[in-house]
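# Structure assessment
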Amino acid sequence: MSAGGGTALPGTLYVVATPIGNLGDVTLRALEVLRSVDVIAAEDTRITSKLLNRHGVAGRLIAVHEHNERRAAETVAGLLAGGKSVALVSDAGTPGIADPGARVVAAARAAGHVVVPVPGANAAAAALSASGFEAGRFLFCGFLPSRAAERRRVLGELAGERALMVFYEAPHRIKDCVADLCAVFGGAREVLIARELTKLHETLHRCRLEAAGEWLQGDDHRRRGEFVLVVEGAPEIVQDASAGAEDVLKTLLGELPLKQAVALAVKLTGGNRNELYGLALKLKGEN
Ligand code: SAM
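Residues numbered from 1 in each chain as written. Predicted model: local features only at pLDDT ≥ 70, side-chain atom pairs only at ≥ 80, totals over all residues. Heavy atoms only, no water.

### Focus: the overall build of the protein chain
Here is the rule we go by: Numbering of helices and strands runs from the N terminus, with a helix taken as a DSSP run of H or I at least four residues long and a strand as a DSSP run of E at least two residues long. Only C-alpha atoms enter the radius of gyration; for comparison, a globular chain is expected to reach 2.2 Å times N to the power 0.38, where N is the number of residues. Relative accessible area decides the class of each residue, using a 1.4 Å probe on protein chains only: under 20% of the type maximum gives buried, over 50% gives exposed, and in between gives partly exposed. Residues count as neighbours in contact if any of their non-hydrogen atoms are within 4.5 Å of one another. In this description, accessible areas are obtained by the Shrake-Rupley approach with a 1.4 Å probe, and a residue is regarded as covered only by the protein chains that are shown. Just so you know, the count uses Lys and Arg for positive and Asp and Glu for negative, and it drops His and the chain ends. Throughout, a charge is located at the NZ atom of Lys, the CZ atom of Arg, the CG atom of Asp or the CD atom of Glu.
In terms of regular secondary structure, the protein chain is built from eleven helices and ten strands. The C-alpha atoms of the protein chain give a radius of gyration of 28 Å, which is well past the 19 Å a tight globule of 287 residues would have. If one aligns the C-alpha atoms of the protein chain with their principal axes, the spans along those axes are about 90 × 45 × 35 Å. Counting every position in the protein chain, which comprises 287 residues, the buried fraction comes to 41%. The long-range fraction of contacts in the protein chain, counting pairs at least 24 apart against all pairs at least 6 apart in sequence, stands at 69%. As presented, the protein chain carries roughly 15100 Å² of accessible surface, and 52% of it is formed by carbon and sulfur atoms. Averaging the positions of the 33 positive and the 33 negative side-chain charges in the protein chain gives two centres separated by 2 Å.

### Concerning the domain arrangement of the protein chain
Keep this limit in mind: How far each domain reaches was decided by an automatic or database domain assignment. Salt bridge, as used here: a side-chain nitrogen of Lys or Arg that lies within 4 Å of a carboxyl oxygen of Asp or Glu. Distance and chemistry together define a polar contact, namely a pair of N or O atoms within 3.5 Å, with one atom able to donate a hydrogen and the other to accept it when in protein, and with adjacent residues in sequence counting only for side-chain atoms on both sides.
Entries for the protein chain in the domain assignment read domain 1 (12-121), domain 2 (124-231) and domain 3 (245-286). Centre-to-centre separation of domain 1 and domain 2, based on C-alpha positions: 29 Å. Contacts between domain 1 and domain 2 engage six residues on the former and eight residues on the latter. Linking domain 1 to domain 2 there are zero salt bridges. There are one residue pair in polar contact (both at pLDDT 80 or more) connecting domain 1 and domain 2.

### Looking at unusual backbone geometry
Even without being glycine, Ala98 reaches a positive phi, approximately 55°. Its place among the elements puts Ala98 in the loop between β4 (86-89) and α4 (102-110). Judged by its relative accessible area of 41%, Ala98 is partly exposed. The phi angle at Glu196 is positive, at roughly 55°, despite the residue not being glycine. Residue placement: Glu196 occurs in the loop between β8 (190-195) and β9 (203-208). Accessibility expressed as a relative area gives 14% for Glu196, which makes it buried.

### Quick notes on the sheet that holds strand β1 (residues 12-16)
This is how it is decided: Strand pairing is defined by DSSP finding a minimum of two bridges between the two strands. Axis lines are fitted through C-alpha atoms, for helices just across the contact stretch, and the angle between N-to-C directions can take any value from 0 to 180 degrees.
The parallel open sheet is built from five strands, whose spatial order is β3-β2-β4-β1-β5. The outermost strands of the open sheet, each flanked by one partner alone, are β3 (61-63) and β5 (114-118). Each adjacent strand pair in this sheet contributes to an overall mean axis angle of 25°, direction not counted. Of the pairings in the sheet, the one linking β1 to β5 comprises five bridges and is parallel in character. When the sheet's bridge partners are listed, Leu13 is paired in β5 with Val115. Where helix α3 (residues 69-81) meets the sheet, it contacts β1, β2 (39-42), β3 and β4, and its direction lies at approximately 145° from that of β3. Each of β1, β4 and β5 touches α4; the most contacted strand, β1, lies at about 155° to it.

### Concerning the nonpolar core
To be explicit about the condition: For the purposes of this section, nonpolar cores are sets of buried Ala, Val, Leu, Ile, Met, Phe, Trp, Tyr and Cys residues that join through side-chain atoms within 4.5 Å.
Residues Phe167, Leu181, Phe185, Val191, Ile193, Leu229 and Val231 are the most contacted members of the largest nonpolar core, which totals 20 residues. Elements supplying a minimum of two residues to this core: α6 (148-158), β7 (164-169), α7 (174-185), β8, α8 (209-217) and β10 (227-231).

### Examining the sheet that holds β7
One open sheet accounts for five strands, arranged β6-β7-β10-β8-β9; its pairing is mixed. A single partner strand is all that each edge strand has here, and the edge strands are β6 (138-143) and β9. If you compare each strand with its neighbour and ignore which way they point, the axes differ by 15° on average. The pairing of β7 with β10 spans five bridges and is classified as antiparallel. Looking at β10, one finds that Glu169 is bridged to Phe227. Set on the sheet, α8 makes contact with β8, β9 and β10; between it and β9 the angle comes to about 140°.

### What to know about the site of the ligand
Short version of the rule: We define proximity as follows: a residue is near a molecule or strand when any one of its heavy atoms falls within 4 Å of that partner. In this classification, the charged set is Asp, Glu, Lys and Arg, the nonpolar set is Ala, Val, Leu, Ile, Met, Phe, Trp, Tyr, Cys and Pro, and all remaining amino acids, among them Gly, are polar.
With respect to spatial proximity, 19 residues lie near the ligand, and among them Ile20, Asp99, Asn122, Tyr168 and Phe227 are the closest. One nitrogen or oxygen atom from the main chain of Phe227 is found 2.6 Å from an oxygen atom belonging to the ligand. Calculation on the ligand without its partners gives an accessible area of 570 Å², and the protein chains cover 91% of this total. Elements supplying a minimum of two residues to the shell around the ligand: β7 and β10. Class assignment of the residues belonging to the shell around the ligand gives a composition of eleven nonpolar, three polar and five charged. Shared between two domains, the shell around the ligand takes at least three residues from each, and those domains are domain 1 (12-121) and domain 2 (124-231).

Here it is as structure tokens:
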């Protein structure tokens, strides 16, 4: 199958995105690829079978999970070398994004096979799209470490990051994760808690980090399911221009006549001439 559609091409690996909950969120092209490939390499064949059954797709499934990824990569590379077409799918969303699959893709590429992405659902993109944050720049951070000390260390490294940050989190760690985000990043930043996206109990809640823990505690259901957290980046450190200019002016006034000191301070600080003139008069008056 070319980028435009048709029948799956021999010796080609298709990396196919599948739904992140709602089985309707599969693209027409994904179904076409899944129907036409020789083999579907799936993270969990039972989960993929449900999707295939729902859409009336019959396919030959093989398993590619975290624990057999190396061997599976060899199997898939062998199939491709034998001229077979293969679709790679994970349990949910886009393979290779916090999912097994990268090894399979790497092996296929290394052997010179064509790899074709078939894009679709992704939990990070879904959360970002509904967050209302301006996502000019964002950093996908995936899962934070499960151990508290390590998690705080990683968050410490991210504390100065200016871009939006996207985290995946499991229900049993969501409370601690949010508490650590608040402790390390400070409570003033906003967070979007996106829970059970595309599913029956989908919940999106945006608040300051300092209020997020209380919101999660407010109802047991709010801590259940799958989570994406979108967190604002570090605020720009705004230099206090007037404070800087005052120091500059003070120094210059000690050496130069007032008019010259003001003219030079304007050049050095980029400050407003009238404001600096007024400030200079005040400083002179204080002496
Ligand atoms: N490959 C997937 C993607 O494209 O988003 C991510 C797979 S990763 C193993 C699973 C994690 O993604 C979950 O623990 C959760 O953090 C996030 N996730 C997946 N589906 C989700 C959903 N429906 N709602 C919220 N988060 C979800």
